[in-house]
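What the coordinates show
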Amino acid sequence: ALFGASHSGASMLTTAEGARLKIDDDLIAATTKVEKASDRIHFRWLSLEVLGHTLLATALAGVVYVVDSYTKFDGSATITLIPHAMTGIVLGLLLTTRILIGSTRAYEAGALLPKFCQSCRTMAVLATHVSETLTISAGAAMEKAATSGFRYELVRQLNLAWYLFKAMLMDIKVEEAPYALRAQKSMIESQLLSSVKNPTIIVVKMISKLLDKQLAADRISASNVALFNAELTKLIETYHAAQSMQLSPPSVALEGFTKFFTVVWVYTVCPIISLTELSHESVSTNAGFVLTICYSFILGLFFFGLFEAGKLVVKPVKAIMAVTDIVEMTSTLSDDLANLVDDPDGEVPVFLPGSPTMV
């Protein structure tokens, strides 16, 4: 309806202008994978630790209720929930703020992945400005081979940079890159990348040297090299931003404070709930016990679950990688790089097609 189209098949549409449209099955499949990954972590906050603390606090409230109902403690009527209500509001705000801060950092980490891919695609497009016609007099065959070699190496190294970048985000050390991404004539590159702590930066340096060679051979202008260098700078900035999020520790003071007072608050409010229910003479003993168990369980599950949910986003990079289809993103980027670069002879392959492997 958006394009004024009519159906001509199961998934094919024809517009009034004569255009033929088809539902993007690949995009739908990728979106479905992300949704399934998100569904898998919907109840990850409901851990055994949360359930254990909740059940223990509920059992404590039940024991206090039963014991006090038989002993008839006279001080029950003087007990109030007002202090816990006031501190509970503040504690809930702290726990919620902790989740908001972690979620914001997770969204920022998620934006770094397409930003890295954007710079890679931009450089593949800029590679069209490298041409052997600038020095055709030096020998057409030699210049054509040199230009083709540049395109191949540029796309290979861009794929390699992305491969190492995503491996770093997944806490993986690449000892040896896939066969398609290895240098064809030398093993020094593989040894170098496996021995350094930041191999992605080394690959960016290799791309810079590759551009310098083309500039020296007059295959590319200095202004275009400046555009390439600007994108290389963006790659480095994105890499360091992701690494800082990965290595920066959470606020230890806030973590310790919220955990301590969450435990103390829940384990003290549940017994007080039971004593408060006993003070209501209009409620029968059995009904008061049921209400005590329900209130204690809900409060315990809420506050312990809220604390656990904050732990899921303490590490923003890990949180975003858990819901990202990194395999599909890798294959799409590799296919785009091979198609965007000016390769009339078809010598630049798709280095990283879709693969079920993790990296």
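Conventions and cut-offs
Residues numbered from 1 in each chain as written. Predicted model: local features only at pLDDT ≥ 70, side-chain atom pairs only at ≥ 80, totals over all residues. Heavy atoms only, no water. Phe/Tyr/Trp six-rings, centres within 6.5 Å; stacked < 30°, edge-to-face > 60°. Helix = DSSP H or I, 4+ residues; strand = E, 2+ residues; numbered from the N terminus. Buried < 20%, exposed > 50% of the residue type's maximum accessible area, 1.4 Å probe, protein only. Contact = heavy atoms within 4.5 Å. pLDDT = per-residue confidence, 0-100. Core = buried A, V, L, I, M, F, W, Y, C linked by side-chain atoms within 4.5 Å. Axes fitted to C-alpha atoms, helices over the stretch in contact; angles between N-to-C directions. Left-handed = near helix turned anticlockwise from the far one by under 90°. Nonpolar A, V, L, I, M, F, W, Y, C, P; charged D, E, K, R; others polar. Expected span 1.5 Å × (residues − 1). Salt bridge = Lys/Arg side-chain N within 4 Å of Asp/Glu carboxyl O.

So, the packing of aromatic side chains
Counting across every chain of the model gives 11 aromatic pairs. Seen from their ring centres, tryptophan 162 and phenylalanine 165 are 6.1 Å apart, and the 45° between their planes marks the pair as tilted. Taken together, the residues tryptophan 162 and phenylalanine 165, both in helix α4 (residues 140–169) and 3 residues apart, mark about one turn of the helix. For the pair shown, tryptophan 162 and phenylalanine 165 are each scored as buried.

Some details on the side chain of serine 119
With respect to the helices and strands, serine 119 occurs in helix α3 (residues 82–126). According to the relative accessible area criterion, serine 119 is buried, its value standing at 2%. Once you skip the residues sitting within four places of it in the chain, serine 119 turns out to touch Glu231, Lys234 and Leu235.

Quick notes on the environment of glycine 62
Tracing the chain through its elements places glycine 62 in helix α2 (residues 48–71). Owing to a relative accessible area of 7%, glycine 62 belongs among the buried residues under this scheme. Sequence separation of glycine 62 and isoleucine 273 is 211 residues, and the distance between their C-alpha atoms is 9.8 Å. When near neighbours in sequence (up to four residues on either side) are disregarded, glycine 62 contacts Phe289 and Ile293.

Overview of the confidence of the model for the chain
Looking at the chain, pLDDT values average 84 and 89% of them are 70 or higher. Looking across the chain, the model is least confident in strand β1 (residues 5–7), with a mean pLDDT of 47, and most confident in helix α6 (residues 199–216), with 93. Taken together, the stretch residues 1–10 has pLDDT below 50 and engages in 16 contacts with residues farther than four places along the chain or on a different chain.

Remarks on the nonpolar core
Judged by nonpolar contacts, the single largest core of 54 residues is most densely connected at Leu154, Trp162, Phe165, Leu169 and Phe228. Of all the secondary-structure elements, those providing two or more residues to this core are α3, α4, α6, α7 (222–247), α10 (316–321) and α11 (326–340). With near-sequence residues (within four places) excluded, phenylalanine 165 lies in contact with Leu113, Phe116, Thr200, Thr238, Tyr239 and Ala242. Core analysis: the second largest hydrophobic core is formed by 16 residues, Ala61, Ile273, Phe303 and Leu306 among them.

With respect to the environment of threonine 104
Relative to the helices and strands, threonine 104 is located in helix α3. Separated by 212 residues in the primary sequence, threonine 104 and proline 316 place their C-alpha atoms 8.5 Å from one another.

Quick word on the packing of α2 against helix α8 (residues 252–278)
For the pair α2 and α8, the least separation of the axes is 8 Å and the interaxial angle reads 35°. Crossing geometry of α2 relative to α8 is assigned as right-handed. Between α2 and α8, the contacting residues are His53, Leu56, Ala57, Leu60, Ala61, Val64, Tyr65, Asp68 and Ser69 on the first element and Val266, Tyr267, Cys270, Pro271, Ser274, Leu275, Glu277 and Leu278 on the second. Grouping the amino acids of the contact of α2 with α8 by side-chain chemistry returns 12 nonpolar, 3 polar and 2 charged.

Things to note about α2
With 24 residues, α2 should reach 34 Å at 1.5 Å per residue; the first-to-last C-alpha distance of 34 Å fits that figure. Here α2 has its buried residues at Val50, Thr54, Ala57, Thr58, Ala61, Gly62, Tyr65, Asp68 and Ser69. Among the structural elements, α8 and α9 (285–312) are those in contact with the buried residues of α2.

Some remarks on unusual backbone geometry
One non-glycine residue with positive phi stands out, namely aspartate 171, at about 60°. What makes aspartate 171 exposed here is its relative accessible area of 60%. Look at aspartate 218: it is not a glycine, yet its phi comes out positive at around 60°. As for its placement among the helices and strands, aspartate 218 is situated in the loop between α6 and α7.

Brief notes about the pattern of salt bridges
Counting across every chain of the model gives 8 salt bridges. A salt bridge links lysine 311 to glutamate 49; the nearest nitrogen and oxygen atoms lie 3.8 Å apart. Taken together, the residues lysine 311 in helix α9 and glutamate 49 in helix α2 connect sequence positions 262 residues apart. Taking the relative accessible area as the measure of exposure, lysine 311 reaches 34% and is therefore partly exposed. Judged by relative accessible area, glutamate 49 falls into the partly exposed class, the value being 38%. The partner of arginine 121 in a salt bridge is aspartate 336, and the shortest N-O contact between them spans 2.8 Å. Here the residue arginine 121 occupies a position in helix α3, and aspartate 336 occupies one in helix α11, the gap between them amounting to 215 residues. By relative accessible area, which is 24% here, arginine 121 ends up partly exposed.

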